[in-house]
Amino acid sequence: MKLPRVLFVTGKGGTGKSTVAAALALALSRRRPTTLADLDRRLSAAALLGAVPHNSNVIKVTGSLDVIALTPRTELEAFIERIVPIRAISRRMLRSRTFGYVTAALPGLEAFLLLERLRILAGEAALEDRYLVIDAPASGSAVELLSVSSGVKGIAPAGTLNRLADSIDGFLSDPTRFGAVITMTPEDLAVREALETAGTIRDRLGIATVAAIMNCVPDSLFDTSELAAMSPLGGHAHLAIRRNAAHEQAALVAPRFIDAGLSTFSLPMMFTPAIGPHELEKLGRVLKAELLDR
Amino acid sequence: MSRKHSAKAAPFDLRAQKLVICLGPGGVGKTTISAALAVHAAVIGCAVDVMTVDPAPRLLDALGLAPDSSEPVGVEFEFALDGIEAPRRTDATRARLRALRLDPKRTFDSIVARYAKSDSARDTILENRIYRNLSGALAGVADYMAMEKLLELAANPDTDLIVLDTPPATEAIDFLDAPRRLLELLNSRAINLLTAPNGIFKSQLRMVDVAARAVLTAFDRVTGLKLLRDVQAFVRSFDGMYEGFSTRAARARDKLRASDTAIVIVTTAESSRIAQAREFIDALESAGLRVSAMVVNRVLADLPDAAELASAHIAPSLRKKLKRNLADYAALKTREEVSLSALRDSLPAGAVMMVAHDLGREPRTIADLAEIGRSLRAS
């Protein structure tokens, strides 16, 4: 599969979005230089890769993988510093409470600046032939973020901002440059949210979805006759049924994604006491096989 | 900050509360826990209202809510469930449950309508671009509107308890701080400054204000948005409504700090959510707000005994698989325990930690919610 330059990883909270983003960045970096842009305030994807970035500085994880933290706030600060070049004043202004309300009255400005930053990073990535993996916000906020440029075009029908919004739109809707990866788990709510998000992203925003990834899928250990034989075992039977049910649920929903024109695959449940480098490697191997080697 | 393991704290008693506010990160089942607490309170004899923010369709069904039920709707269910303690009041018929779904935009519109001086003043606000963006998009407005609706519900003397679900927040304080922030927006020096015509009062302005204005002006010039004009029109249109907003914000603030208000933080046992929950606790503590309980949702139930497998009459191959299955879930349980003990260590003094076990399915009925509510116990 030819992957877009930028992979925007989102999903319902609790579906392992940051884990998938980290594993994906790690896997891609074996093929080509890769940057993980962490948009999550807690930087959990970066932490999984062993990096603690701050202030949009690039941190090198390996020779071919680096991590950058992006926040709407730092983008706003950079924007303000361009407009008010006297640093002492711009700093004080950014700290002042009243200024907070002014920015609150400019809806979407921070998000818009963040998208513009992603567009610039993608352009740089294209020049260096590197991948950009984004650990994006959870799906609700991610859709809001991606909608901002069309919102800006609505309120600014002409002028520089409109042109800027146009170029962001062009970037987001170009499937060679930008694609969404949506994570879910074998649970009704997560599946429904993934379908909704994919629908909104494609139909309303015109953005390509690379894959909907079913995370945390246990292998089915037991066949039907075994499940019947263990019924007197109470708690053990319950646990076995739970495992098989999650596996079946994952298999059941796959056709719904295929029907919706979305490619989908599963990542195994990591039955381990912690998610560490070893688990990321394992997940990365599946991601590489499903996304790169097909 | 002194913190200690509060295993000895009294169990969290819903009957002693008038208001329970559930806060927490997105995706932890906050709405489910809010509904479960409300159902449980009704079962033990309280007259309860539960306000949800973004319920899943199944939960709407369970509560009998239409997607646009922005006024309380009575929820029919069998109150006589097993294991119920004595009702709060001698009048057992008092117990009831009503549910509603918050519609921030509609609530904001109705407040504007209530406080606007005239119909034309109202329409000016409702059509203002800044207002439309504020009321539709800004998360803080949903927060503020939840507070507004809460005050409205709290005014009903026939209600014993209100359970409030809140919008998912990255920071706990966002929600609790919403009334103050909106007020300050309407009354801030920056806004006064922005509404002053060019050239006037310049001498009174601080450098910072001049810079803030410069940014907006520059932004307007670059973008052609005329935002400055819109902000001015927006603030001017609220002229005279400030009193009403201010009174209600003060009442909301008092309500949050009342002794019969309980703040409950909902989380799951995943380490990233726990880290977020701990940030919530810190933020609330530094704002002088007391956390009454932490609810950890979807915790794995206790694992079965491995010894049962040794003595069971099953095929050796099945025994082997069951052993592996048990070991797999034990590993997950270990992962969970690490997070839970980290959370236990950061519990504020006086707060209880409760766990809700994973039902193994999505809650679909009132009975499911009652089961979760009843099973909540100190951990």
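Residues numbered from 1 in each chain as written. Chains lettered and ligands numbered in written order. Predicted model: local features only at pLDDT ≥ 70, side-chain atom pairs only at ≥ 80, totals over all residues.

### Details of the overall build of chain A
Rules: A run of H or I in DSSP becomes a helix once it reaches four residues, and a run of E becomes a strand once it reaches two; helices and strands are each numbered from the N terminus. Around each residue's C-beta, the other C-beta atoms within 10 Å are counted; 20 or more make the residue buried, 12 or fewer make it exposed, and counts in between make it partly exposed. All C-beta atoms are placed from the backbone. For every residue pair, C-beta atoms are placed from the backbone, and the pair is scored as a contact if these atoms sit within 7 Å.
Within chain A, the regular secondary structure consists of 12 helices and eight strands. Along the longest, intermediate and shortest principal axes, the C-alpha atoms of chain A span 75 × 40 × 40 Å. By residue count, 50% of the 294 residues in chain A fall in the buried class. Sequence-distant contacts, at least 24 apart, represent 71% of the contacts inside chain A between residues at least 6 apart.

### Brief notes about the overall build of chain B
Within chain B, the regular secondary structure consists of 16 helices and nine strands. Buried positions account for 44% of the 379 residues belonging to chain B. Restricting the contact set of chain B to residue pairs at least 6 apart, pairs at least 24 apart contribute 79%.

### Points about the pairing of strand β2 (residues 34-38) of chain A
Residue and element names in this part refer to chain A. Where we set the bar: DSSP calls a pair of strands paired once it identifies at least 2 bridges connecting them.
Burial within β2 is extensive, with five of its five residues counted as buried. Both faces of β2 are covered, namely the face carrying Thr34, Leu36 and Asp38 and the face carrying Thr35 and Ala37. Where β2 lies against strand β4 (residues 65-69), five bridges are found, and the strand directions are parallel. Bridge assignment links Thr35 to a residue of β4, and that residue is Asp66.

### Things to note about the nonpolar core
Rules: A set of buried residues qualifies as a nonpolar core if it consists of Ala, Val, Leu, Ile, Met, Phe, Trp, Tyr and Cys joined through C-beta atoms within 7 Å.
In this structure, Leu24, Leu49, Val133 and Ile134 of chain A are the most contacted members of the largest nonpolar core, which totals 88 residues. Filtering out sequence-adjacent residues up to four positions away, Val133 of chain A remains in contact with Leu7, Val9, Ala21, Leu24, Ala25, Leu28, Thr34 and Leu36 of chain A. Counting 81 residues, the second-largest nonpolar core is a separate cluster that includes Val20, Leu63, Leu150 and Ile366 of chain B.

### A closer look at the sheet that holds strand β1 (residues 19-23) of chain B
All names here are of chain B. In plain terms, the rule: The axes used here are C-alpha line fits, helices contributing only the stretch in contact, and every angle between their N-to-C directions lies in the interval 0 to 180 degrees.
In spatial order, the strands read β3-β4-β2-β5-β1-β6-β7-β8-β9; together these nine strands make up an open sheet with mixed pairing. A single partner strand is all that each edge strand has here, and the edge strands are β3 (73-74) and β9 (377-378). Strand direction decides the pairing type here: strand β6 (residues 261-268) and strand β7 (residues 291-299), joined by six bridges, are parallel. Bridged to Thr267 within β7 is Val296. Against the sheet, helix α1 (residues 30-43) engages β1, β2 (47-52), β4 (96-101), β5 (161-165), β6, β7 and β8 (352-357), with an angle of about 170° to β2.

### Points about α1 of chain B
Defined as follows: To estimate the expected span of a helix, count its residues, drop one, and scale the result by 1.5 Å.
With 14 residues, α1 of chain B extends 20 Å from end C-alpha to end C-alpha; this agrees with the ideal 20 Å at 1.5 Å per step. Summarising burial for α1 of chain B: 14 of the 14 residues are buried, a large majority.

### A few points about the sheet that holds strand β1 (residues 6-11) of chain A
Working definition: the strands of a sheet are paired by backbone hydrogen bonds and lie parallel or antiparallel to each other. Residues and elements named next belong to chain A. The mixed open sheet is built from eight strands, whose spatial order is β3-β4-β2-β5-β1-β6-β7-β8. At either margin of the open sheet sits one strand with a lone partner, and together these are β3 (58-62) and β8 (264-268). Averaged over neighbouring strand pairs, the angle between their axes works out to 25° when direction is ignored. With four bridges connecting them, strand β7 (residues 209-217) and β8 associate as parallel partners. When the bridges of β8 are listed, Ile213 appears paired with Phe265.

### Comments concerning the packing of helix α13 (residues 271-286) of chain B against helix α15 (residues 316-345) of chain B
Residue and element names in this part refer to chain B. Threshold: Any angle from 65 to 115 degrees is called roughly perpendicular, while one under 35 is roughly parallel, one over 145 is roughly antiparallel, and all others are oblique. Under the scheme applied here, ten amino acids are nonpolar (Ala, Val, Leu, Ile, Met, Phe, Trp, Tyr, Cys and Pro), four are charged (Asp, Glu, Lys and Arg), and all others, including Gly, are polar.
Relative to each other, α13 and α15 sit at 5°, their axes nearing to 9 Å. Considering the angle they form, α13 stands roughly parallel to α15. In this structure, α13 contributes Ser271, Ile274, Ala277 and Arg278 to the contact, and α15 contributes Ser339, Ala342 and Leu343. Classifying every residue of the contact of α13 with α15 by side-chain character gives four nonpolar, two polar and one charged.

### Comments concerning the environment of Pro55 of chain B
Residues and elements named next belong to chain B. Secondary-structure assignment places Pro55 in the loop between β2 and α2 (57-63). Measuring from C-alpha to C-alpha, the distance between Pro55 and Leu65 comes to 9.6 Å, with 10 residues separating the pair along the chain. In contact with Pro55, other than residues within four places in its own chain, are Thr31, Leu60 and Arg101.

### Examining the pairing of strand β5 (residues 131-135) of chain A
Residues and elements named next belong to chain A. The buried fraction of β5 is high, at five of five residues. In β5, alternate side chains face the same way, and those of Tyr131, Val133 and Asp135 on one face and Leu132 and Ile134 on the other are all buried. Bridging between β1 and β5 involves four bridges; their strand directions are parallel. Bridging from a neighbouring strand, Leu7 pairs with Val133 of β5. With five bridges connecting them, β2 and β5 associate as parallel partners. Among the inter-strand pairings, Asp38 is bridged to a residue of β5, identified as Asp135.

### Looking at the confidence of the model for chain A
Worth spelling out the cut-off: Per-residue confidence from the predictor is reported as pLDDT, which spans 0 to 100.
When pLDDT is averaged across chain A, the result is 89; 94% of the residues are at 70 or more. Looking over chain A, one finds the lowest element-wise mean pLDDT in helix α5 (residues 97-104) of chain A, namely 59, and the highest in β5 of chain A, namely 98.

### A few points about α15 of chain B
For α15 of chain B, which comprises 30 residues, the first-to-last C-alpha distance of 43 Å matches the rise-based estimate of 44 Å (1.5 Å per residue) to within 8%. Those residues of α15 of chain B that fall on the buried side of the exposure criterion are Leu318, Leu322, Asn325, Leu326, Tyr329, Arg335, Glu336, Ser339 and Leu343 of chain B.

### Some points on the confidence of the model for chain B
Residues and elements named next belong to chain B. Summing up the model confidence of chain B, the mean pLDDT is 78 and the portion of residues at 70 or higher is 70%. In the predicted structure, residues 82-90 sits below a pLDDT of 50 and forms 15 contacts with residues beyond four places in sequence or in another chain. The complex model carries a pTM of 0.84, and its ipTM stands at 0.90.

### Here we look at unusual backbone geometry
With a phi close to 60°, Cys216 of chain A is a non-glycine residue in the positive phi region. Assignment of secondary structure puts Cys216 of chain A in strand β7. The class of Cys216 of chain A is buried, set by 22 C-beta atoms lying within 10 Å. Positioned with a positive phi, Arg298 of chain B is a non-glycine residue whose angle comes to about 55°. In this structure, Arg298 of chain B sits in strand β7. Using a count of 22 C-beta atoms within 10 Å as the deciding quantity, one classes Arg298 of chain B as buried.

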